[in-house]
Amino acid sequence: MNAEEIKEKSIAEISQAKAIDDLDRLRLKYLGRRGLLTQLFAEVPGLPSIEDRRKTGETLNAVKDSIEDTLGRRERIIKQLEKRELETAAFDLTVPGKKALAGTLHPLTQLRGFVREAFERLGFEEAYAPHIETDSYNFGLLSMPPDHPGRDLWDTLYLNDQTLLRTHTSNIQVREMEKRSRRLIEDDVPIKVMSFDRCFRYEAVDPRHTHTFTQFDLLYVDKGVSMANLKWLSNYFMECVFGAGTRVRFRPKYYPFVEPGVGVDALCPFCKGKGCKICGKGWLELAGAGMVHPTVLENGGIDPSKYSGLAWGFGPDRILMIKLGINDIRYLYEGDLRFLKQF
Amino acid sequence: MLVPYSWLKDFIDIRVPAGQVGERLSCATIGVEEVRCEEKDCVLDLEVTYNRGDLLSIIGVAREVAALYQLEFRGEEKPFDPPSDSGRLTVRAAQGLSRYYTLTQINSLRYRGTPKEIARRLELAGLRSVNLFADITNYVMIEYGQPLHAFDAERVRARDKTTAVEVRNAKEGEEITTIDGATHNLKTSDIIIADRKGPIAIAGVMGGKETEVGPKTKEILLEAAVFDPIAVRRTARRLGLRSESSNRFEHHLSINNLLKALNKAVKLYQLYGKGRVAAFGCAPQEGIGAHRPIWREPVNLNKERLNALLGMEVPLPKARKLLERLGFKVMSADKGVLAWPPYWRGDIQIEEDLVEEIARMFGYENLPATPLTSVASGTPPNELEYFRYQASQLLAGAGFAEIKSYPFLSTKALAHRGTGKLLKVRNPISAETEYLKDSNILSLIEVAGANASRYSSGRLFELEKIYPKEEYLSLSAIVWGVPEAYRTAKGALEETLIKAGVDVVFSPTKHDLFHPGRVAKMTTGKEALGVIGEVHPYINKSYDLKNVAVFELNFEKLVKHAQRWRAFTPISKYPEAYEDFSFYLPPERALGTLVSNIRRSSPLVKEAAVTDIFEREGKRSVTLQITFQSDTSGLSSKDLKPVREKITNLIKGFEGEPRA
């Protein structure tokens, strides 16, 4: 083929090309190292006259330019066509995704993680106490000897006279003081512990009550711990749960193992205190707290004239129910997948 | 405690609406359940706690409201003083059962209906009007917080010539029919009032039917006492007869208040019943002037302690005023004050009690919020919590939904398991809460069963305490409704174990809840960790489940062996070669053992993975994909030949039959 024929044929072929791959192939065919046009270029140095060499060279270069041009144009056209094709090919973007294999963590576990993180930031560490507890750690050492009417605040499930299912996570208090009082006294290491765990009570199950429930408790003993600290802690936690600026108030409340004792209310985040179906009169009663009773400190081996402590706790079930709008506490404990899969 | 608002006005001039008073009380004194208003009157429902027994009376609430609003408290009756012409009654009280016991005989009574206002107030306070003579005792109890009881004097048989009645423990075999018509067999721990014939009242709890007062009563013996709170409490609880009366006896009643209440009652019997005090007696007999201090034991309040405990400065004069408003007598003392609680505040015993009084009167809204400044204890991160989080996340990621189940075994579960060795609740709420579970397996099956009608297959797990002799955290999971339930559960379990860095051996075992031939125990080292297996077909059937596998392990033991950090194994730079081995393996030959033998057969074997198992015509077909790799060179077919032969021989050794 001479140059002219190459030009004609290549342009014809390029114009027929349907894909970029075809163009690459044609480029190779004509302009590649062993391409048809390249072969003609290779013959140029062997031409007899300078003039021939120059003329042929020019001709070949013109053909090369024109092939390159055509390739370029065709490439743009093909890309254009491809783009249009990609754009117009039917594809349903709203098709539901393939179900990923995903279980769930129970909402109480999720709240536990949240609460633990909130208080770990303040230096509290997890404490563990048995669910099957002695009467002493659950009541006696918490300033409630047998026959103390204060015990009426808890309806208790007993295994025998001395053993019961703990009614609150406050059974960590004296246990932890016993373990940690030495470091407090000798090394000035404050006692800062928390527990998020389950408790039990004699209670028939209905939408608002269960015999098995969850409680959070924390204990802080050091020199100079005050009710003002208690207020700060309450603000901190309620803001963590319900957002910055959540207002908190204290009201007197009786727990035998603290003095003074307070109930901690948060201004209802839903109605901002106007009163609604969730809160009733504008405030949510959410937590209970107080300064550790001197007798309890003594029972834990700590001198109440030198140290003071605060105890603070809330019912995670109730907070979850309020926060997530759960209308029946049994959902938390009965394992209904229609409930669990929502979280 | 239901407090009719109008009743308070007998003692204080309060003009603010009842709702506001309720709000104030709830912020400064005690919980208020609700303030219910009807046409003419409102009722405040106070949630009186043990410490504030004084608020179980109208005068107590009136005093408190007076202190909060700085009103004048008009005062109550004077203490009772028997008229000089009255006779003397002798009463006996056994040691320790009553602190003070009085009996007042009122004669020449004439019955009339209960005045409307008294009946109305009683009703608002939650009591039913019965008859005038009984209503007076209830009216005074509500007003003063001091329970009273009236016996029909003509039906009480004096113990002997001198002694009218006696306070004592019941004798074995004694019984009494109370005014509610019920008959009670008494125990020697019960505290009673007895005449010559036997019990005429359960002290502080309820009177006897036989001596009940009514319209025909002409003479009464009016009892006012301070019984031992614990004795009354125990008796009332034992008999299931806790009442308005027994409830009040559990608190700190005072002799002072008793005498004032008695005076009020006597006046009402005189006014409405035209009665006349004929005789009086008390025990101990030192006379009524004794045992009635107005002030209780003084409590010291250190100014620095007050401020330190509150975390704010309350000026001492201010603190003093606040206490005085509450009826305390306060005197200056070294570094603070000395405060004498009034007789009605038996709950004030220590310095912290005074701090609370001052704080609530000062207003908790004035308390600043002071950040915690102390250092943390500096203990290292919590391993248990780390692994707990890791295992939960892993299982959730593997499609398991976490549940929280009850700690008890249901009666249905017990039918499968029996009650042997289980911890038992002495006072269960029902048969469903009588036995504590020593394993979570049946709970999982039960929850799966409850979901099965809506979810034909599913996966659940739980990480919670169980209660064999020593309680521990159990990690358990269930898979149901999938063809390879066992492998699905085991895969999740193995991944959990790998992430915890714990090597576990599975070996056949026996377990009643499982398919007899399909349950393995897990051990690490010499320690038993748990079980995994297919659930027994009978149990599946009773819960409408199919293809169920469960595992359970002692999570605390697992964590003991777990390793948070695992050493890095260098990655060879030479290419891997893969080869499949397909063969039939009899089901009774242990594929798990074969795989681990193959893994150990040569350093060139990097991995042996089961890529396919299926059963056809009773034969189990297995495909293993072996990854070969050398750490020191590339691998030629020649290098692999001996390893390949070794693997083929291992398979043959397990009766494996190569598949074309």
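Parameters at a glance
- Residues numbered from 1 in each chain as written.
- Chains lettered and ligands numbered in written order.
- Predicted model: local features only at pLDDT ≥ 70, side-chain atom pairs only at ≥ 80, totals over all residues.
- Helix = DSSP H or I, 4+ residues; strand = E, 2+ residues; numbered from the N terminus.
- Rg over C-alpha atoms; globule rule 2.2 N^0.38 Å.
- Buried ≥ 20, exposed ≤ 12 C-beta atoms within 10 Å, placed from the backbone.
- Contact = placed C-beta atoms within 7 Å.
- Nonpolar A, V, L, I, M, F, W, Y, C, P; charged D, E, K, R; others polar.
- Pairing = 2+ DSSP bridges.
- Axes fitted to C-alpha atoms, helices over the stretch in contact; angles between N-to-C directions.
- pLDDT = per-residue confidence, 0-100.
- Domains from an automatic or database assignment.
- Parallel < 35°, antiparallel > 145°, perpendicular 65-115°, else oblique.

Within chain B one finds 19 helices and 29 strands. Taking 660 residues into account, the globule formula puts the C-alpha radius of gyration at 26 Å, and chain B, at 39 Å, lies well above it. Judged by the C-alpha coordinates and their principal axes, chain B covers about 125 × 60 × 50 Å. Counting the 660 residues in chain B, one finds 45% classified as buried. Long-range contacts, defined as pairs at least 24 residues apart, comprise 69% of the intrachain contacts of chain B with a sequence gap of at least 6.

A tally of helices and strands in chain A yields 12 helices and 10 strands. Taking 20 Å as the expected radius of gyration for a compact globule of 343 residues, we find that chain A reaches 40 Å, considerably beyond that expectation. Seen through its principal axes, chain A has C-alpha atoms that stretch 125 × 50 × 45 Å. Sorting the 343 residues of chain A into buried and exposed places 43% on the buried side. The contacts in chain A between residues at least 6 apart in sequence include a share of 66% that link residues at least 24 apart.

In this section: the environment of Gln110 of chain A. Residue and element names in this part refer to chain A. Tracing the sequence through the fold places Gln110 in helix 5 (residues 107-120). Given 15 C-beta atoms within a 10 Å radius, Gln110 is considered partly exposed. Expressed as a C-alpha distance, the spacing of Gln110 and Lys64, which sit 46 residues apart in the sequence, is 70 Å. Setting aside residues no more than four positions away along its own chain, Gln110 makes contact with Leu105 and Phe343.

On the chain A side, the residues contacting the 71 residues of chain B number 57 residues. Every element with two or more residues in the side of chain B that touches chain A is listed here: helix 2 (18-28), helix 6 (229-239), helix 9 (303-310), helix 11 (351-362), helix 12 (383-397), strand 19 (401-402), helix 14 (441-452) and strand 20 (458-466) of chain B. It is helix 11 of chain B that provides the largest number of residues to the side of chain B that touches chain A, a total of six residues. Here the residues of the side of chain B that touches chain A are counted per class, giving 36 nonpolar, 18 polar and 17 charged.

So, on to the sheet that holds strand 19 of chain B. All names here are of chain B. Taking strand neighbours across the sheet as the criterion, the seven strands line up as 19-20-21-25-24-23-22 in an open arrangement whose pairing is mixed. Both outer strands of the open sheet, strand 19 and strand 22 (505-508), are each paired with one neighbouring strand and no more. Where strand 24 (residues 527-535) and strand 25 (residues 548-554) come together, five bridges link them in antiparallel fashion. Pairing of Glu534 across the sheet is with Ala549, part of strand 25. In the packing of helix 14 onto the sheet, the strands contacted are strand 20, strand 21 (472-480), strand 24 and strand 25, and the crossing angle to strand 21 comes to about 35 degrees. The sheet contacts of helix 15 (residues 485-500) involve strand 21, strand 23 (514-524), strand 24 and strand 25, and relative to strand 25 the element is tilted by about 25 degrees.

The next subject is the confidence of the model for chain B. Scored by pLDDT, chain B has a mean of 93; 99% of the residues are at 70 or more. ipTM for the predicted complex: 0.89, alongside a pTM of 0.87.

Glancing now at the domain arrangement of chain B. Reports of interface size often rely on the accessible area that becomes lost once the parts have come together. When its domains are assigned, chain B resolves into domain 1 (2-69), domain 2 (87-283), domain 3 (299-337 + 349-364), domain 4 (383-561) and domain 5 (577-658). A separation of 54 Å is found between the C-alpha centroids of domain 1 of chain B and domain 4 of chain B.

The next subject is the sheet that holds strand 3 (residues 158-160) of chain A. All names here are of chain A. Taken together, three strands build an open sheet; the order of strands is 2-4-3 and the sheet is antiparallel. The sheet is open, and its two borders are formed by strand 2 (132-134) and strand 3, each paired with just one other strand. Each strand of the sheet is rotated relative to its neighbour by a mean of 30 degrees, with strand direction disregarded. One ladder, built from two bridges, connects strand 3 with strand 4 (residues 163-165); its direction is antiparallel. Bridge assignment links Asn160 to a residue of strand 4, and that residue is Thr163.

What follows covers the packing of helix 2 (residues 20-31) of chain A against helix 3 (residues 36-43) of chain A. Residues and elements named next belong to chain A. The geometry of helix 2 relative to helix 3 is characterised by a closest axis approach of 3 Å and an angle of 20 degrees between their N-to-C directions. With respect to their mutual orientation, helix 2 and helix 3 come out roughly parallel. The residues of helix 3 that touch helix 2, namely those facing Lys29, Tyr30 and Leu31, are Leu36, Leu37 and Thr38. Residues belonging to the contact of helix 2 with helix 3 are distributed by class as follows: four nonpolar, one polar and one charged.

This part takes up the pairing of strand 27 (residues 605-616) of chain B. All names here are of chain B. A small share of strand 27 lies buried, amounting to zero of its 12 residues. By the bridge criterion, 10 bridges tie strand 27 to strand 28 (residues 619-628) in an arrangement that is antiparallel. When the bridges of strand 28 are listed, Glu615 appears paired with Arg620.

Below, the discussion takes up the pairing of strand 8 (residues 258-267) of chain A. Residue and element names in this part refer to chain A. For strand 8, a buried count of nine out of 10 residues is recorded, marking the element as mostly surrounded by other parts of the structure. The sheet contact formed by strand 7 (residues 248-252) and strand 8 spans five bridges and is antiparallel. Bridge pairing links Val248 to Ala266 in strand 8. Hairpin geometry of strand 7 and strand 8 is characterised by an intervening segment of five residues between the two adjacent antiparallel strands. Bridge count for strand 8 against strand 9 (residues 283-292) is eight bridges, and the pairing is antiparallel. From the neighbouring strand, Gly261 faces strand 9, where its bridge partner is Gly290.

All names here are of chain A. As for its position among the elements, Lys223 is in the loop between strand 6 (212-222) and helix 8 (227-242). Residues Lys223 and Asp188, spaced 35 residues apart in sequence, show a C-alpha to C-alpha distance of 8.7 Å. The contacts of Lys223, once residues within four sequence positions are left out, are Lys306 and Tyr307.

Of the consecutive residues Glu259 of chain A and Pro260 of chain A, the connecting peptide bond is found in the cis state with omega at -5 degrees. Topologically, Pro260 of chain A is positioned in strand 8. Put simply, Ala283 of chain B and Pro284 of chain B share a cis peptide bond, and its omega is -5 degrees. Along the polypeptide, Pro284 of chain B turns up in the loop between strand 15 (276-283) and strand 16 (299-302). Even without glycine at this site, Asn547 of chain B takes up a positive phi of about 50 degrees. Along the polypeptide, Asn547 of chain B turns up in the loop between helix 16 (537-542) and strand 25.

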